[in-house]
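Residue-level structural notes
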Amino acid sequence: MSIYKLGGTPLSDEEFKKIIKEITRPNAKYLMSAGQAYSVFFEGLRRGKIIGTYCERCGMIYVPPKIFCPYCFITLDKWVEVADEGKVVTAVASYYSANMERLKEPQIVGIIKLDVPGRTFTSYRFPGLLHRICGASLDDVISQRIFDARVKARWRPPEERKGDINDIECFEVIKT
Amino acid sequence: MSQPVVLGIGYSGFQPSTSHYNIREMIYEAAAKAYEDAGGIDPGSDVDAFVSCQEDFWEGISINDEFVPDQLGAVLKPVYTISGDSLQCVLSAYSMIRSGAFDIVVVESHGKPSEILTMRDIILMSYDPIYIRPLNPENVFVFNALEAKAFMEYNKIDREALGRYVISSLRKGLRGRRNPYASIKNVEAYLEEEYVVEPLTKLDFAPYSDAAVVVVIASEDVAKKFSDEYIKISGVWSVSGTSSIVYDDLREDTMTKIAARKVFDMTGIKDPVREIGVFEIDERISHVPLMVIKALRLSEDVNRDLMMGRFDEEGDLPVNPFGGALSEGNVLEAHGLARLVNAYEILKGSLGSRRYSDVEKILIHSRRWPSSRTTTLAILSR
């Protein structure tokens, strides 16, 4: 039955806003444990090293590391230091934020397949590290020249590192 | 139709804080133990589907479903998530097995409240945003206290009897395996405690614990291929109430009453007092088990029976004989599985003395915390 038939008078949006000033402002704060694997990874970044784990069964290398292989479901306890250089697997440029506000500068992010010393490029499976890419033009991205480009980590100065993913400012293109 | 059974269980945590592990590493540890307990199953080749019970606001991650598969070995498999207590996941797994479409289903749940810095505000987010939240209750458990007070008043249960329940449960917890808060106290000390929100003191609320629990549920025919040491899920049912206690009858626990009628019908139980050997009941707030005892018709006079010790370890109706949530801590949505783990271990004979060796059936109960009255009951049997 409609509220009008009941003889009521619904509040207009304006009237409702006068009564309810604020409906939702979540105050949700957390302090999350990095865990065993991420702790090693972030401590490595502070020292200028990129650390992963690898699965002896399927050959997958995890950067950042995991202590288990999601595919084989076995415990991973083999650590590997990978190079801070690699190849771009894929990259995109963002022009607007997710709220559809135009960015001052387009941001390029990509997935980078890092080199692993002692292993050739095809002898391991590598899901890739997600990070910002710098030194590339928008045309490099649009034309897909960025694919397979060689990139190298641009590290923050040691005294400014905090042990988080931003200890690497970006991966800089060194050869397209 | 296929008979669902619990083939294996695994857990990690049940500690006030597990800062050395992140939640995914905890779940991995629990899953690895559960698969081993289940006779060494391989999640990749043996498990048909996975069901996870969790709530985004406890996680700090929206659409947390995406983070379920890795640590369970569930990558490239069907994975379902339910925003609810973990016994609701057991009901899903039970139904999936009974349908005949699934042979083995893994149920997972976890809670890591030690990582939540603004628990009061997150609990407040669970209340009606337009009507209740603007009232900004200083203590978000005021609704639970209102229920406790009404129930105790209508059923003539005094605070000494409630204290007797709390003290007894904390002592029973000393015999359990996962109980960091178990302790010896006396009723006098309970009665001297300051009210947090009347009629409840801090001893009436389970403190928080971190835990992850994984349970392997299988059809009996398939379970036999891996192990002959399994426990049957004879029945399970869930009932939800309205969104607010103001619409409920506070004199009784209607949800438990209806769910019990259904599971007793499913399992052929005529007289729960005689046929059920142990009751594993949600006691995250101390008056709730008393409501459940009443709703299950285990007692005509709960106050008298509490004072007589009928629900104590040596009583004829043992409730949480190895400690409940008051001793193990509140593990959020994983609570229902924590009750199931106790029941599984008692029925397998790995927890408890000869006193429990002839127990054939255990009832487990969980009610979604903190403000929901959604209730799930299950009967486990040898």
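Residues numbered from 1 in each chain as written. Chains lettered and ligands numbered in written order. Predicted model: local features only at pLDDT ≥ 70, side-chain atom pairs only at ≥ 80, totals over all residues. Heavy atoms only, no water.

Under the criterion given, the structure shown has 2 disulfides over all chains. Across the disulfide from Cys 134 of chain A sits Cys 170 of chain A; the S-S distance is 1.9 Å. Between Cys 134 of chain A and Cys 170 of chain A the sulfur-sulfur dihedral comes to about 70°; the bridge is accordingly right-handed. Taken together, the residues Cys 134 of chain A in strand β6 (residues 129-134) and Cys 170 of chain A in strand β8 (residues 168-175) connect sequence positions 36 residues apart. Cys 134 of chain A sits in the buried class, given a relative accessible area of 13%. Judged by its relative accessible area of 5%, Cys 170 of chain A falls in the buried class. Disulfide partner of Cys 53 of chain B: Cys 89 of chain B, at an S-S distance of 2.2 Å. Every disulfide takes its handedness from the sign of the S-S torsion; for Cys 53 of chain B and Cys 89 of chain B that torsion is 110°, giving right-handed. In this pair, Cys 53 of chain B is assigned in strand β2 (residues 49-53) and Cys 89 of chain B in helix α4 (residues 86-99), connecting sequence segments 36 residues apart. Taking the relative accessible area as the measure of exposure, Cys 53 of chain B reaches 0% and is therefore buried. (Disulfide = S-S within 2.5 Å. Helix = DSSP H or I, 4+ residues; strand = E, 2+ residues; numbered from the N terminus. Buried < 20%, exposed > 50% of the residue type's maximum accessible area, 1.4 Å probe, protein only.)

Each packed pair of helices is defined by two parameters, the angle between the axes and the distance between the axes. Residue and element names in this part refer to chain B. With their axes 5 Å apart at the nearest point, α4 and helix α15 (residues 335-348) run at an angle of 70° to one another. The pairing of α4 with α15 is recorded here as roughly perpendicular in orientation. Residue-level inspection shows Ser 86, Leu 87 and Val 90 of α4 in contact with α15, the latter providing His 335, Gly 336, Leu 337 and Leu 340. Residue composition of the contact of α4 with α15, grouped by class: 4 nonpolar, 3 polar and no charged. (Axes fitted to C-alpha atoms, helices over the stretch in contact; angles between N-to-C directions. Parallel < 35°, antiparallel > 145°, perpendicular 65-115°, else oblique. Contact = heavy atoms within 4.5 Å. Nonpolar A, V, L, I, M, F, W, Y, C, P; charged D, E, K, R; others polar.)

For the rest of this paragraph, the subject is the interface of chain A and chain B. With 24 residues of chain A at the interface, the matching set in chain B holds 34 residues. Between chain A and chain B lies a buried interface of about 2,400 Å² when both sides are counted; carbon and sulfur atoms form 64% of it. Broken down residue by residue, the surface that chain A buries against chain B is led by Tyr 30, Phe 68 and Phe 73 of chain A, which jointly contribute 29%. At the boundary of chain A with chain B, the tally comes to 1 salt bridge. When the shortest N-O distance is used, the salt bridge between Lys 66 of chain A and Asp 70 of chain B registers 3.0 Å. If you look at where chain A meets chain B, you find 14 residue pairs in polar contact (both at pLDDT 80 or more). For the side of chain A that touches chain B, the element with the most residues is helix α2 (residues 35-46) of chain A, which contributes 3 residues. (Buried area = accessible area lost by both parts, 1.4 Å probe. Salt bridge = Lys/Arg side-chain N within 4 Å of Asp/Glu carboxyl O. Polar contact = N/O pair within 3.5 Å; in protein donor to acceptor, adjacent residues only side chain to side chain.)

Moving on to the sheet that holds strand β3 (residues 79-82) of chain A. Residue and element names in this part refer to chain A. Within the open sheet, the 3 strands sit side by side as β2-β1-β3. Their pairing is antiparallel. In this open sheet, the two strands that pair with only one neighbour each are β2 (61-62) and β3. Relative to β3, strand β1 (residues 50-54) runs antiparallel, the two being bridged by 4 bridges. The partner of Thr 53 across the bridge, within β3, is Trp 79. Against the sheet, α2 makes contact with β1 and β3, and its axis sits at roughly 150° relative to β1, the strand it touches most. (Pairing = 2+ DSSP bridges.)

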